[in-house]
Amino acid sequence: CNHYEVHFWAPTFKWGISIANIADFSKPPEKLSYPQQIAVTCTGLIWSRYSTVITPCLTYRRLVNCDCIVVELQKNWNLFSVNVAMAGTGLYQLSRKIRHDYFSEPEAAVAEE
């Protein structure tokens, strides 16, 4: 259609990243990765904004001269919601990691008491 077109399957498969991040909620915070969670969070934030600018479209071919007819649809809420989910799960995982690394008492000090 044009360079703003987003197909259905890209955001649909992107839900796998958010679901994997949700599954990692039970993972100990020391096993979480700062670079990975920063990437997930930034991707979610950036693409959430971008997804409000683009609209999906359908193209039809005219049988007579093969010109492209563009029919605009509503905003791509699947793309928006998956990116909000990515940003949310990434921020939650980052908060868990930061709380563990900087605000929790070392286990060795607790063992000495």
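Residues numbered from 1 in each chain as written. Predicted model: local features only at pLDDT ≥ 70, side-chain atom pairs only at ≥ 80, totals over all residues. Heavy atoms only, no water.

Here the focus is the packing of aromatic side chains. What the rule picks out here adds up to three aromatic pairs. Between Trp 47 and Tyr 50, the aromatic rings sit 4.9 Å apart at their centres with planes inclined by 85 degrees, giving edge-to-face as the arrangement. Residue Trp 47 and its partner Tyr 50 are both found in helix α2 (residues 34–51); the two are separated by three residues, about one turn of the helix. Under the relative-accessibility criterion, Tyr 50 is labelled partly exposed at 29%. Plain terms: the ring middles of Trp 77 and Phe 80 are 5.7 Å apart, the flat faces sit at 85 degrees to each other, and that makes the pair edge-to-face. One end of the pair, Trp 77, and the other, Phe 80, are both in helix α3 (residues 77–102), three residues apart, so they sit about a helical turn from each other. Relative accessible area serves as the criterion here: at 28%, Phe 80 is assigned to the partly exposed category. (Phe/Tyr/Trp six-rings, centres within 6.5 Å; stacked < 30°, edge-to-face > 60°. Helix = DSSP H or I, 4+ residues; strand = E, 2+ residues; numbered from the N terminus. Buried < 20%, exposed > 50% of the residue type's maximum accessible area, 1.4 Å probe, protein only.)

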